[in-house]
Every structure is written in structure tokens, then in C-alpha cells.
Amino acid sequence: MSKDEIAIDVDNITKKFKIYLDKGNDLKERLLFRKRSRYEERLVLKGISFQVKKGEAIGLIGHNGCGKSTTLKLLTKIMYPDSGTIKMNGRVSSLIELGAGFHPDMSGRENIYTNASIFGLTKKEIDERLNDIISFSELEEFIDNPVRTYSSGMYMRLAFSVAINVDADILLIDEILGVGDANFQAKCFNKLKSIKASGTSIVIVSHSLGQIEQICERSIWIHEGVIKAEGSPKEIDLEYLEFMGQKLQENTQKELEKKSEIKDENQNKTEDVSENPELNQESNQESKKRWGNGKARITDIKAFDQNNKEQKVFKTGENIKIKVKYTVNQKVEDAVFGIGIFNLDGIQCYGTNTRIDKLNTFNIEKNGTVEIILDDVNLLSGEYLIDIAIESGDGIPVDYFREAYRINIISSSGDVGITRIKHNWII
Amino acid sequence: MSSLKELYDYRQMIFSLVRKDLRGRYKGSVLGFLWTFINPLLQLLVYTIVFSYILPNNIDKYYLYLFVGLIPWIFFSASVTGGSSSIVAQKDLIKKIYFPREVIPISYVTSCFVNMLLCFIVIFAVIIISGTGINPVALLCLPVIMIVEYILALGMALLTSAITVYFRDLEHILGIFTMAWMYMTPIMYEKSIVPQNLLPLFNLNPMTHVIECYRAVLYGGEIPDLASLVSSCGLGIFFLVLGSFIFGKLQKHFAEEL
């Protein structure tokens, strides 16, 4: 790699923050409570190195607080690393804070000048870009109205249009591709692609792995201040999602344990319950997600891929087997097992049960397992919640468990919607 | 200090911030921008009444004597006290976006400076009405004096704005400090009445020279003392270099401290 091909060169940077336990800001507080200005030092970045080539786009992924946003702030020079060096070749524009310096009483046009000037553009440069900015924002009719009369969508559109028309050599983006309606988002996306094609390097921090997969050649996964993995987005994102899935499972496990502890305590102190409204609420919340007469109870849910390996993350089009264990306290006649799959917007993507599927009626009398194999699950990228239910023949819920299980689906292509419909183009 | 070239690239930002500040200053008031002129006129009125009827003294046209010193002083003290909180006031910008941080104090001082220039319209009107002549040659020195004062004010604003981020009390300390400084500068009285043993202190005060120069040109109608001009210029440059050096050191952690 020759030198002028490298747009960003990050070499072994570290950054620590002082976390003040109780910070006294003024002289009196500092003198009187000297002990209070004790602080903990937290190492947020523990030595990160990477390079970005000219015209390359990379995505930084990681869970909240892993240091990816700090890395981005160091790249923009809002903060400086404690050790290590960062070299940026060319003009940098950041889509971190949109609409910086907007004044509500000034017109859209005047605010374009103010905002663009904060990116370091001169008047002449802004004049040249003014028409592009206005037409990109689709605000021609409103451009001379004061910004305070704008809707928040219009505000963001204007702000985004300025930032994206800076013509930077390096563009830094933090989680803001949620601007405007679907049409405008698509437009932003295309603009980003064309900016990239024209040789601008892009660094994106996002939780939306789909966006990263579409734009970036490379994902860098930052975990607890170090780079955990680096490579093509498809592989890294999958690894990351699996990791996060495991984490989630661990956490839910812990929460369940906690809840059962609380419940035990509850049972021990049944007399006190009325005096402890908080605990009551807690169990109310639980019961909103789960109800039934308790004749049988779901005890365990697991999902497996086609190789019979337990998984939380699946690719679009894979087979998924869901295995449900249950215990029976009392015989359930004409039992019905049901499943429902919901996306995070609460939309049911699919639902069925053994009655709908016209299975022969059966009773459940002792503990057992039930499996459902879902063939070619064509759901698109995202997190899905699964409801599992046992009912008796008369329609009375025995154990209805809402949001009993979570799975993640990753799609390797960029199609949008809820589910993939098999299709062919004839041109 | 960020490279001067970078600051030059951000000149449009300085311009925008100054314009925003000037336009926003009297926003919502009935008289709006007219306050820029009414304010100094009313001050002049108060001083005239006080020093003609209540506290008369033997300086000829004292109101003018005071006025030509007071307006430049107000610019200076506003730059120091207001400038000190300028970085803290713009913390949202600083925490979220990159630009050379010097832009903020520079814009603040420049906006105060423009305000002073507008007040000078009133000063000239008063000079003409009062019948004191204007010496055109001496007037040529005026821009030089203004630039020297600007440099001095900027140096102080860079210094105080950066320190205030780490030590917020400075803002309040500066209020009383500039008041004391005002009385240590011959604005309301003549330098000739300063006791001999205090004179070295007065000569070290850069504002003494600046005010004397303004007064020579506008009140006396004469070319200012070259020694005064040179020493104030020297002190101004010293403070600017010191201010930018300290600002440059401290600005790296602005985003974390704010």
C-alpha cells in the first residue's frame, strides 16, 4: 500500500476517561471537599490500530460502550488520544452532529451558510454548493422561511444535505441514517454510494448491520477497547450477532434467575405482598407476558439449525428447528401447541398451531418435548420474538408464553421488507 | 495553536458566528439594533449629568474625555469577561464537531469589536457636536490603536476562555478583577494625578497606553506618543502569544471537561 493511498492511519491509540465520582467544579467545592474529586480512570480504548484506504468504507461495530463512538470522536479530532497517533489525509466531514449551529430564527438559506461554515467551507465554496444542497434537501419552497417553522423531518433533511455536500475526502458517520422518510433515506444511501465511488473514504458507526453490509467493504468489531475481529462485513457481522445472541441468552438467563428468586421471596412472604407494591408490579409484568391455567408449563425453548446445532442467529432461507420442553401437572385434553413469530415492530410475521394445521387431536399427560421444523425461513434481517403456547381443546390457554424466545436473522442481500418472496426478473 | 492556515480556512465560520451574535444580541427588543447606538448615548448622558452637576471637575469637556476612554474600555472588559465564558457557552458545538477551537474566542472578541466600531459613530457625532476639531493626520493612527487593542483583547480572551473550562470560578473572579483593572487604568482621571510610586505599575498596564493613545487622537486631536503605542503593541503581542500557547495546550481536553 503506497502512502498516498491511505486516507486514515490509526496507530495503536489508547484513551482513558476520568470518571469523577462526585466532581466539585468550583473553588469552594474543590477546597472544602478535596476528597470528593476522586475519580476512577477507565481505559476505553486499549490500543487500536487500523488503516483505511482511499475510497474504502469501513464499519465499526460493537455493543454500547465498547469504544466505537470514542474512536470516531478521536478521528474527528474532537478529542485527542492519550497515546498513539492518528493521521488523516484530506478534508474531514462528519455526520455526527447534524445541524450544528442552526439558529431557529434564521432562514434555511442563512443556516446553510452558518452550518457549512462550521465544516470549514468558505463563502465561495458554499455558493457553489448552495443549489445542490437545496435541491437535495427538497426544501425549495421553504428555504427562505425561518428554520423554527420546519418540522423535525425537514430540519434533519436540511442538516443532512449540508453535511453530505461538503465534498470531504473522509466522511465519518455516527448512526444517523435514520433521517427522513423511506424515500429520503434511500436517496441518502445512494448519495453515500456515489460519494464513495468518487474516492471518499467512509467510516460508519452503526447498529444497523444491514447498512454496513451494503456500503462497507470491511467491518471492524471493537470489543472492550480492542479490535476483536476484522474482515468482510458478512463474516464479521455474523460472528458479532452470534456473540451478541449468546450474551443476550446469558442475560435473559440471569434475569430469569433473578425473577425466580424474587418469586421465591414473594412466596415466603405472602403476607407482606400487599405492602410491597413494587414486587406486585413486577409479577404483574411477568403475567402480562405469560398466562394460562398452569395444567402444563413450558420449561425450556431452544432453536437449532439444520446441522442440529443450537443457534440464535440464522441466515435468511435456513431451516430452523424449535424444540420446546414442557412439564405436565394435570392432564390436558385435546392439547394444541402454537407458535407465533413477531418482528420488533410487533407485527406478526407468521403464526400457526397444531389445530390450524389439522393434526390429529392428542392429550398430554406427562412431561415431554415438542418440535416444530420451519423450512426455508425467508424472514429478512432483524430480531424476531417467538411466542409459544399450549392450549386445551376448548381454547383455554394452558401456558401462553409471549416473547418466549428471540432469534436473529441475517440476510446477505440488501432486499427490504419482512420476508423474501422468491422472484425472477424477466428483462 | 492550530495553524493559521486552518484558521484562515474557517474564516467563514468566524464571520457567521459574529453575524449571528450581532443579530441575536438585541433580538426581541422593540428598538432592536438601535440599542447599539442608544446604549452609549444614554451612558454619555448619565456621565454628563453626574460630572457637570454632582461631581464637577476641572477637566475641559470631561464627558468627552471620559467617553473616548470608556468605549474602548468596555470593548476590552467585555472581551475578557464575556470571552472567558465563550467556550463553555458553546459546549454543544465543541463536544460534537471539530473546528479550530480558537474560532470561538476570536468570533466573540470580533463581535465585541464590531460593536465598538458602531459606537465610534456616536463618538464622532459627539466630537463634532462638541466643537472639538478632528485632526485628520492623528486620525490615521486610530486604526493602528484599534488593532493593538484587538490583539490585546484577543490574547486575554484566549487565555481566560481556556482556563474557565477547567476552573469555572474564573468567570466570576474576572468580574471583580476587571472592575479593579478599570480603576487602575486612567479612564476617569488623568494619569498625571497617579502617585509617583504607583507609576511603574500603571506603565506595565497595557490598557494605560491604549487609552492614552485613544485620548490623544480623539480628545486632544494630536498624534499619540510613539513610545506609548510601541509599548502597548509589544504587550499586546506578548499576551496574544501567551494566550494562544496556553489555549493550544488546554484545548485538547475541552470535549472531555465540558
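Being a predicted model, the structure only gives us computed values, none of them experimental. (Residues numbered from 1 in each chain as written. Chains lettered and ligands numbered in written order. Predicted model: local features only at pLDDT ≥ 70, side-chain atom pairs only at ≥ 80, totals over all residues. Heavy atoms only, no water.)

J.: Would you explain the overall build of chain B in this entry?
T.: Helix and strand counts for chain B come out as 14 helices and zero strands. Listing each helix as α and each strand as β along chain B from the N terminus yields α-α-α-α-α-α-α-α-α-α-α-α-α-α. Relative to the 2.2 N^0.38 estimate, which gives 18 Å for 258 residues, the radius of gyration of chain B is 19 Å and therefore close to what a compact globule would have. Oriented by its inertia axes, the alpha-carbon framework of chain B measures out at about 55 × 50 × 35 Å. Counting over 258 residues, chain B shows a buried share of 52%. Carbon and sulfur atoms make up 71% of the accessible area of chain B, which totals about 11700 Å². (Helix = DSSP H or I, 4+ residues; strand = E, 2+ residues; numbered from the N terminus. Rg over C-alpha atoms; globule rule 2.2 N^0.38 Å. Buried < 20%, exposed > 50% of the residue type's maximum accessible area, 1.4 Å probe, protein only. Areas by Shrake-Rupley, 256 points an atom, 1.4 Å probe, with all protein chains shown as cover.)

J.: What's the story with the interface of chain B and chain A in this structure? I'm lost.
T.: How big an interface is tends to be stated in terms of the accessible area lost upon association of its parts. Each partner contributes to the interface: chain B provides 29 residues, whereas chain A provides 36 residues. Carbon and sulfur atoms make up 56% of the surface buried where chain B meets chain A, a total of about 2700 Å² over both sides. Taken together, the connections running from chain B to chain A amount to one salt bridge. Across the pair Lys 15 of chain A and Glu 256 of chain B runs a salt bridge, and its minimum N-O distance is 2.8 Å. Mapped by element, the contributors of at least two residues to the side of chain B that touches chain A are α1 (4–9), α2 (11–25), α6 (91–96) and α14 (254–257) of chain B. Among the elements that take part in the side of chain B that touches chain A, α2 of chain B stands out by supplying seven residues, more than any other. (Contact = heavy atoms within 4.5 Å. Buried area = accessible area lost by both parts, 1.4 Å probe. Salt bridge = Lys/Arg side-chain N within 4 Å of Asp/Glu carboxyl O.)

J.: Would you explain the environment of Glu 40 of chain A in this entry?
T.: Structurally, the position occupied by Glu 40 of chain A is in strand β2 (residues 39–53). Distance from Glu 40 of chain A to Gly 101 of chain A, taken between C-alpha atoms, is 33 Å for residues 61 residues apart in sequence.

J.: What should I look at first to understand helix α2 (residues 68–76) of chain A in this one?
T.: Side chains of residues three or four places apart in an α-helix project in the same direction, reflecting 3.6 residues per turn. With respect to burial, α2 of chain A is a largely interior element, seven of its nine residues being buried. Once α2 of chain A finishes, Lys 77 of chain A follows within two positions and takes phi at roughly 70°, a positive value.

J.: Explain the packing of aromatic side chains to me, please; I cannot follow it from the model alone.
T.: Inspection of every chain in the model, using the stated rule, returns 21 aromatic pairs over all chains. Where Trp 291 of chain A meets Tyr 400 of chain A, the ring centres are 4.7 Å apart and the plane angle is 0°; that geometry is what we call stacked. Placement of the pair is Trp 291 of chain A in strand β10 (residues 290–291) and Tyr 400 of chain A in strand β18 (residues 397–410), with a sequence separation of 109 residues. An aromatic cluster of three or more residues is present, and its members are Tyr 47, Phe 51, Tyr 62, Tyr 65 and Tyr 219 of chain B. The ring centre of Phe 136 of chain A lies 4.9 Å from the NZ or CZ of Lys 187 of chain A, which sits over that ring. (Phe/Tyr/Trp six-rings, centres within 6.5 Å; stacked < 30°, edge-to-face > 60°. Lys NZ or Arg CZ within 6 Å of the ring centre and 35° of its normal.)

J.: Explanation requested: the packing of helix α12 (residues 206–220) of chain B against helix α13 (residues 226–250) of chain B in the structure shown.
T.: Each pair of packed helices can be described by the angle between their axes along with the distance between the axes. All names here are of chain B. As a packed pair, α12 and α13 sit with axes 8 Å apart at the nearest point and diverge in direction by 135°. In terms of axis orientation, α12 runs oblique to α13. The chirality of how α12 crosses α13 is left-handed. In contact with Pro 206, His 209, Val 210 and Cys 213 of α12, α13 contributes Ser 228, Leu 229, Ser 231, Ser 232, Leu 235 and Phe 239. Split by residue class, the contact of α12 with α13 holds six nonpolar, four polar and no charged. (Axes fitted to C-alpha atoms, helices over the stretch in contact; angles between N-to-C directions. Parallel < 35°, antiparallel > 145°, perpendicular 65-115°, else oblique. Left-handed = near helix turned anticlockwise from the far one by under 90°. Nonpolar A, V, L, I, M, F, W, Y, C, P; charged D, E, K, R; others polar.)

J.: Quick question: what am I supposed to make of the sheet that holds strand β9 (residues 226–231) of chain A here?
T.: Sheets are built from strands that pair by backbone hydrogen bonding, the pairs being arranged parallel or antiparallel. Residue and element names in this part refer to chain A. One open sheet accounts for six strands, arranged β5-β6-β7-β3-β8-β9; its pairing is mixed. Looking at the sheet topology across the chains shown, the edges are occupied by β5 (92–95) and β9. If you compare each strand with its neighbour and ignore which way they point, the axes differ by 20° on average. Looking at chain direction, strand β8 (residues 218–223) and β9 are connected through five bridges and run antiparallel. In the strand pairing of β9, Trp 221 is matched with Ala 229. Packing of α2 onto the sheet brings it into contact with β3 (57–61), β5, β6 (170–174), β7 (201–205) and β8, and relative to β6 it is tilted by some 150°. (Pairing = 2+ DSSP bridges.)

J.: Whenever I open this one, the packing of helix α4 (residues 62–84) of chain B against helix α7 (residues 103–130) of chain B confuses me. Can you help?
T.: All names here are of chain B. It is at 10 Å that the axes of α4 and α7 come closest, and there the two elements cross at 175°. When the interaxial angle is binned, α4 and α7 end up roughly antiparallel. Residue-level inspection shows Tyr 63, Leu 64, Phe 67, Val 68, Ile 71, Pro 72, Phe 75, Ala 78, Ser 79, Gly 82 and Gly 83 of α4 in contact with α7, the latter providing Tyr 108, Val 109, Cys 112, Phe 113, Met 116, Cys 119, Phe 120, Val 122, Ile 123, Val 126, Ile 127 and Ser 130. Of the residues assigned to the contact of α4 with α7, the class counts are 19 nonpolar, four polar and no charged.

J.: Which parts of the structure should I look at to understand the nonpolar core?
T.: Side chains of nonpolar character tend, in soluble globular proteins, to be buried together. Residues Ile 112 of chain A together with Phe 76, Phe 99, Phe 120, Tyr 214, Leu 218 and Phe 254 of chain B are the most contacted members of the largest nonpolar core, which totals 125 residues. The dominant element in this core, judged by the number of residues it contributes, is helix α9 (residues 142–166) of chain B, at 14 residues. Among residues more than four places away in sequence, those in contact with Phe 254 of chain B are Ile 87, Ile 94, Arg 101, Ala 162, Val 165, Tyr 166 and Phe 247 of chain B. Counting residues in each nonpolar core, the second largest holds 29 residues, with Ile 322, Val 332, Tyr 384 and Ala 404 of chain A among its members. (Core = buried A, V, L, I, M, F, W, Y, C linked by side-chain atoms within 4.5 Å.)

J.: Would you take a moment to explain the sheet that holds strand β13 (residues 318–328) of chain A for this structure?
T.: All names here are of chain A. Taken in spatial order, the three strands line up as β11-β13-β16 in an open sheet, and their pairing is antiparallel. Each having just a single partner strand, β11 (296–304) and β16 (368–377) make up the two edges of the open sheet. The mean inter-strand angle of the sheet, taken between neighbouring strand axes irrespective of direction, is 20°.

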